[in-house]
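Working through the structure, step by step
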Amino acid sequence: MARKLIIDTDTAADDSFALLVGLLHPEADLRAVTIVAGNVDFEQQVRNALITVDQAGRSGEVPVFRGATDPLVRPWYEAKAHGDGKGNVEWPTPMQQAESVHGAQAIVDLANAYPGDIDLLAIGPLTNVALALAMDRDLPSKIRELWIMGGCDNSEGNVTAAAEYNFFVDPEAAQMVLSAGFATTIVTWTLTLAQATWDDQQLDTIRNMGTPLSEFFSILDAPNREFNGSVGVPGSTHPDSLTAMLLVEPGLIRRSSPRYVEVETHSELTRGYSLMDSREGRPSGVHMPNATVIEEVDEQGFYTKFMTLLETTVKRR
Ligand code: RIB
Ligand code: CA
């Protein structure tokens with residue numbers, strides 16, 4: 001039985017690739033896409049999501065909702081790694097429009113419509129999830145599993161040395177969500193760099209597939225590939241699609257562990273830092289684990305399963 005799923009996203013490049021997993025994987029039953037302030041201009045993110053749904057041949061089948069246009073308490077901070085998020089080219093204008101209901105409300109409504117039977121995949125800053133939590137404090141008991149792309153597992157960040165982008169942009173939301181009692185699994189930037197960074201040969205293999213979706217992927221991926229080259233990362237990084245794929249293909253997970261995770265919200269030097277502690281007892285007291293952190297995956301399996309999705313025959317309307 002496919003898993004009912006909400007994807008909360010700051011739609012740009014790797015987010016769109018995660019949406020393809022939700023839209024096309026046989027184990028994914030994508031019920032909603034909610035947009036959160038993050039990577040690029042908010043309305044561009046909305047358009048990027050609608051374009052992705054359309055390019056996957058699902059236009060009109062999965063509702064897209066606008067959520068928070070700013071973090072909870074801090075100014076928006078744009079990512080520099082994705083261009084406009086759609087490959088800096090023009091795509092056919094989708095027929096589908098975004099819904100009028102707010103994204104946080106959509107999360108609450110779906111959680112109450114399918115209590116204990118729907119997962120939430122959060123691949124942007126956690127602002128919408130925090131807002132939904134403030135609207136319904138029982139959300140953690142209604143969302144079956146919360147999967148988060150965010151944080152670093154005791155390694156250097158991609159925005160500051162301390163912080164990964166999603167936790168850096170809205171650290172208050174991240175801390176609120178991580179302390180709320182969700183059944184939480186976290187895929188980190190650390191794991192992404194180690195096992196979800198595709199090199200030129202892998203990317204050229206995808207491009208040479210010659211399918212409409214491999215072309216869509218290659219165009220959207222190009223700005224990230226170029227940005228990464230400028231910061232010494234060979235190829236393109238795929239944190240969001242890795243998180244989505246692990247949710248629907250848990251057999252790809254090789255090692256994970258329970259951790260106590262807390263996010264820094266006070267210090268400007270370490271804003272968004274994610275403490276990920278494998279020990280419960282510390283001088284400061286006992287901290288019970290509040291998340292499962294993925295530590296190792298089947299790297300080749302992820303790559304080949306994603307390529308299989310790109311072979312999907314798309315019936316465009
Ligand atoms: O740090 C990686 C995260 O921020 C991903 O969600 C990616 O979309 C980037 O914006
Ligand atoms: Ca993202």
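The structure this text deals with has already been given above.
Right, let's walk through the structure included here. (Residues numbered from 1 in each chain as written. Chains lettered and ligands numbered in written order. Predicted model: local features only at pLDDT ≥ 70, side-chain atom pairs only at ≥ 80, totals over all residues. Heavy atoms only, no water.)

Topic: the overall build of the chain
- Counting secondary structure elements, the chain contains 12 helices and 13 strands.
- Relative to the 2.2 N^0.38 estimate, which gives 20 Å for 317 residues, the radius of gyration of the chain is 18 Å and therefore close to what a compact globule would have.
- Overall size of the chain, expressed as C-alpha extent along the three principal axes, is 55 × 45 × 40 Å.
- Residues counted as buried form 59% of the 317 residues belonging to the chain.
- For the chain, contacts bridging at least 24 residues in sequence account for 83% of all contacts bridging at least 6. (Helix = DSSP H or I, 4+ residues; strand = E, 2+ residues; numbered from the N terminus. Rg over C-alpha atoms; globule rule 2.2 N^0.38 Å. Buried < 20%, exposed > 50% of the residue type's maximum accessible area, 1.4 Å probe, protein only. Contact = heavy atoms within 4.5 Å.)

Details of the site of ligand 1
- The local shell around ligand 1 holds 13 residues, among which Asp 15, Asn 39, Asn 158, Glu 164 and Asp 240 are the closest.
- Here Glu 164 contributes a side-chain N or O atom positioned 2.6 Å from an oxygen atom of ligand 1.
- Side-chain polar atom of Asn 166 to an oxygen atom of ligand 1: 3.1 Å apart, as the coordinates give it.
- For ligand 1, the protein covers 95% of the area, taking 280 Å² as the surface of the free molecule. (Near = heavy atom within 4 Å. Polar contact = N/O pair within 3.5 Å; in protein donor to acceptor, adjacent residues only side chain to side chain. Areas by Shrake-Rupley, 256 points an atom, 1.4 Å probe, with all protein chains shown as cover.)

Looking at the pattern of salt bridges
- All chains considered together, the criterion is met by 23 salt bridges.
- For Arg 31, the salt bridge identified is with Asp 29, shortest N-O distance 3.0 Å.
- Members of the salt-bridge network, linked through shared partners, are Arg 3, Lys 4, Asp 117, Asp 119, Arg 144 and Glu 145. (Salt bridge = Lys/Arg side-chain N within 4 Å of Asp/Glu carboxyl O.)

Concerning the environment of Ser 100
- Note on placement: Ser 100 falls in the loop between strand 3 (64–66) and helix 3 (103–113).
- For the pair Ser 100 and Phe 65, spaced 35 residues apart in the sequence, the C-alpha separation amounts to 7.0 Å.

Here we look at the coordination of the calcium ion (ligand 2)
- The protein atoms donating to the calcium ion (ligand 2) are Asp 10 (OD), Asp 15 (OD), Asp 15 (OD), Ile 123 (O) and Asp 240 (OD), with metal-donor distances spanning 2.2 to 2.6 Å.
- According to the relative accessible area criterion, Asp 10 is buried, its value standing at 1%.
- Assessed through its relative accessible area of 0%, Asp 15 is described here as buried. (Donors = N, O, S within 2.8 Å, 3.2 Å for Na, K, Ca; no water.)

Some remarks on the environment of Ala 68
- Here Ala 68 shows up in the loop between strand 3 and helix 3.
- Not counting residues within four places of it along the chain, the set of residues in contact with Ala 68 comprises Ile 35, Val 36, Ala 37, Phe 42, His 102, Thr 127, Asn 128 and Leu 131.

Some remarks on the environment of Gly 281
- Residue position: Gly 281 is located in strand 11 (residues 281–282).
- Separated by 194 residues in the primary sequence, Gly 281 and Gly 87 have C-alpha atoms spaced 47 Å apart.

Notes on the packing of helix 9 (residues 200–207) against helix 10 (residues 212–230)
- Between helix 9 and helix 10, whose axes approach to 9 Å, the crossing angle comes to 150°. By the angle between their directions, the pair helix 9 and helix 10 is classed as roughly antiparallel. For the pair formed by helix 9 and helix 10, the contact residues are Asp 200, Leu 203, Asp 204, Ile 206 and Arg 207 on the first element and Ser 214, Glu 215, Phe 217, Ser 218, Asp 221 and Arg 225 on the second.
- For the contact of helix 9 with helix 10, the class distribution of residues is three nonpolar, two polar and six charged. (Axes fitted to C-alpha atoms, helices over the stretch in contact; angles between N-to-C directions. Parallel < 35°, antiparallel > 145°, perpendicular 65-115°, else oblique. Nonpolar A, V, L, I, M, F, W, Y, C, P; charged D, E, K, R; others polar.)

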